[in-house]
Amino acid sequence: MNICAECHKKNRGCCQLIAGNTDSMHGLSQYEIDRISSTMKLNESDFICHDTVKPEVMNGFRKLDSLFDKLIPQRERARLKIIDNACVFLKPDGCSLPMEARPYYCRLYPFWFNRDSHLIVIRSRFCLAQEQSLSVVSLLEAIGTTEAELLTLYRELQHAAGNPKES
Ligand code: SF4
Ligand code: SF4
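Everything in this summary refers to the structure shown in the same document. (Residues numbered from 1 in each chain as written. Chains lettered and ligands numbered in written order. Predicted model: local features only at pLDDT ≥ 70, side-chain atom pairs only at ≥ 80, totals over all residues.)

This paragraph deals with the overall build of the protein. A tally of helices and strands in the protein yields nine helices and eight strands. Taken over C-alpha atoms, the radius of gyration comes to 15 Å for the protein, in line with the 15 Å a tight globule of 167 residues would show. With the C-alpha coordinates of the protein rotated into their principal frame, the extents come out at 40 × 40 × 30 Å. A separation threshold of at least 6 residues defines the contact pool for the protein, and within that pool the share at least 24 residues apart is 65%. (Helix = DSSP H or I, 4+ residues; strand = E, 2+ residues; numbered from the N terminus. Rg over C-alpha atoms; globule rule 2.2 N^0.38 Å. Contact = placed C-beta atoms within 7 Å.)

What follows is the structure in structure tokens.
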């Protein structure tokens, strides 16, 4: 069992949310929404809801990355629906979306990139991989990815956010 599956089995992890606490959820680009729709043969309204991000939360997003002004324009966010305190796509065995259809932030987490394109870790006490990894290198290995792979995904996200209607 990989570390993320183990994390889900323990009812912790990045796809679970404490009731009502959706603040940390990212906004999705239209490109990502369309990709899920076409892959899963779902209407957007089946898995997306719209809300307004609080100003202080938006400031936190902006501190992390100015890209969020495009992903959450005017603080208006299209985000994944939450059912029973978890993402609508979370099933007992983990995410039910094929990897290629998952939102970029799901595939990047718990990593991100700073303004200088340096890899950073989004610290969370709920992330089992972080709990068990003593270094960034071991965290990459635990998640099963590489910095180069993550940077490619991040660049794709930048492109998707800047060209929201492009497919
Ligand atoms: S990335 Fe971390 S928090 Fe998310 S499922 Fe994997 S181990 Fe859990
Ligand atoms: S889409 Fe999949 S990986 Fe992303 S939050 Fe939902 S269940 Fe988790």
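For the rest of this paragraph, the subject is the site of ligand 1. Taken together, Ile3, Cys4, Cys7, His8, Gly13, Cys14, Tyr109, Pro110, Phe126, Cys127, Leu128 and Ala129 make up the full set of residues near ligand 1. Every element with two or more residues in the shell around ligand 1 is listed here: helix 1 (3–9) and helix 7 (128–132). Examining the composition of the shell around ligand 1, we find that four residues originate from one element, helix 1, more than from any other. A per-class count over the shell around ligand 1 returns ten nonpolar, two polar and no charged. (Near = placed C-beta within 6 Å. Nonpolar A, V, L, I, M, F, W, Y, C, P; charged D, E, K, R; others polar.)

This part takes up the pairing of strand 2 (residues 76–80). Counting buried positions along strand 2 gives four out of five residues, so the element sits mostly inside the fold. Strand direction decides the pairing type here: strand 1 (residues 48–52) and strand 2, joined by five bridges, are antiparallel. Bridge pairing in strand 2 links Thr52 to Glu76. (Buried ≥ 20, exposed ≤ 12 C-beta atoms within 10 Å, placed from the backbone. Pairing = 2+ DSSP bridges.)

A few words now on helix 9 (residues 147–162). The terminal C-alpha atoms of helix 9, which comprises 16 residues, lie 22 Å apart, in line with the 22 Å expected from a rise of 1.5 Å per residue. Within the span of helix 9, buried status applies to Leu150, Tyr154, Leu157, Ala160 and Ala161. Within helix 9, the buried residues cover an arc of 120° as seen down the axis, which keeps them to one side. Counted as exposed and oriented over 90 degrees from the buried face of helix 9: Ala148, Thr152 and Gly162. Looking at the buried positions of helix 9, the neighbouring elements they touch are helix 2 (30–40), helix 5 (68–71), helix 6 (104–108), strand 7 (111–113) and strand 8 (119–121). (Expected span 1.5 Å × (residues − 1). Arc of directions from axis to C-beta.)

Once that is clear, we can look at the site of ligand 2. All residues in the neighbourhood of ligand 2 are listed as Cys15, Leu80, Cys87, Phe89, Leu90, Cys95, Leu97, Arg102, Pro103 and Cys106. Broken down by class, the residue content of the shell around ligand 2 amounts to nine nonpolar, no polar and one charged.

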